Amino acid sequence: MEDEAFEGTLVLEKLAEIGKFEDFFDAVDSDDFAKAKALMKLAKVDSETISIVLMKMASPAGEDD
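Definitions and limits used
- Counting restarts for each chain: residues are numbered from 1 in the order of the written sequence.
- Owing to the predicted nature of the model, reporting of local features is limited to residues with pLDDT of at least 70; listing and counting of side-chain atom pairs is limited to 80 or more, with chain, interface and lining totals taken over all residues.
- Side-chain descriptors were evaluated using all non-hydrogen atoms of the structure, hydrogens and water having been removed beforehand.
- Any Lys or Arg side-chain nitrogen found within 4 Å of a carboxyl oxygen on Asp or Glu counts as a salt bridge.
- Fitting a line to C-alpha atoms yields each axis, with helices limited to the stretch in contact; the angle taken between N-to-C directions then spans 0 to 180 degrees.
- Only runs of H or I of at least four residues qualify as helices and only runs of E of at least two qualify as strands under DSSP, and these elements are numbered from the N terminus.
- Small angles under 35 degrees read as roughly parallel and large ones over 145 as roughly antiparallel, with 65 to 115 read as roughly perpendicular and the rest as oblique.
- Note on convention: the crossing is left-handed when the near helix lies turned anticlockwise from the far helix by less than a right angle, right-handed when the turn is clockwise.
- Note on definitions: a residue-residue contact is assigned when non-hydrogen atoms from the two residues lie within 4.5 Å.
- Predictor confidence is given residue by residue as pLDDT, running from a minimum of 0 to a maximum of 100.
- Definition of nonpolar core: a set of buried residues of the types Ala, Val, Leu, Ile, Met, Phe, Trp, Tyr and Cys, connected through side-chain atoms within 4.5 Å.
- Think of it in three bands: residues with accessible area under 20% of the maximum for their type are buried, residues over 50% are exposed, and the middle band is partly exposed, with areas taken using a 1.4 Å probe on protein chains only.

Student: Help me out: how do you make sense of the pattern of salt bridges in this one?
Tutor: Opposite charge on two side chains permits pairing when their charged atoms draw close. In the structure shown here, the tally under the stated rule is one salt bridge. Two residues, Lys20 and Asp23, come together in a salt bridge whose shortest N-O distance is 3.6 Å.

In C-alpha cells, the structure reads:
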C-alpha cells in the first residue's frame, strides 16, 4: 500500500470492532509504539498498514512526509 493510498479510517473501524479504539488512541498519545502495534495486530490490520501507522506516529506533529 502506498502512503498516499493510506486510509486511516479503516484502521480505526477495525479497532472499534474489537473494542480497542480508546486503548489505541491512548497508546498513540503516549507514543507507545509496541502497544499500538499489538492492538493493530489484534484487530487484524495488515503489516504494511501497521508500518505506515507507526511511521506516521514517529513523524513530528503536523508533518505528512
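Following the structure, the description resumes.
Student: Can you walk me through the packing of helix α2 (residues 21–29) against helix α3 (residues 33–42) in this structure?
Tutor: Remark: α2 packs on α3, axes separated minimally by 8 Å, with the N-to-C direction vectors making an angle of 155°. With respect to α3, the axis of α2 lies roughly antiparallel. Where α2 crosses over α3, the two elements pack in a sense that is left-handed. Residues Asp23, Phe24 and Ala27 of α2 touch α3, and the partners they reach there are Lys35, Ala36, Leu39 and Met40.

Student: Would you take a moment to explain the confidence of the model for the protein chain for this structure?
Tutor: Low-confidence regions, as indicated by low pLDDT, have predicted coordinates that should not be scrutinised in detail. When pLDDT is averaged across the protein chain, the result is 87; 83% of the residues are at 70 or more. At the level of individual helices and strands, the protein chain shows its lowest average pLDDT in helix α1 (residues 8–17), which scores 92, and its highest in α3, which scores 98.

Student: It is not clear to me how unusual backbone geometry should be interpreted in this structure. Could you clarify?
Tutor: Glycine aside, the phi torsion of most residues is negative, and most peptide linkages are trans. The phi dihedral of Asp31 is positive, around 55°, even though this residue is not glycine. Looking at the element boundaries, Asp31 is found in the loop between α2 and α3.

Student: Got a minute to help me understand the nonpolar core in this structure?
Tutor: If you look at the biggest cluster of nonpolar residues, it comprises 13 residues, and the most contacted ones within it are Val11, Leu15, Phe24, Met40 and Val45. For this core, the elements supplying multiple residues, two or more each, are α1, α2, α3 and α4 (47–58). At four residues, α4 tops the list of elements feeding residues into this core.

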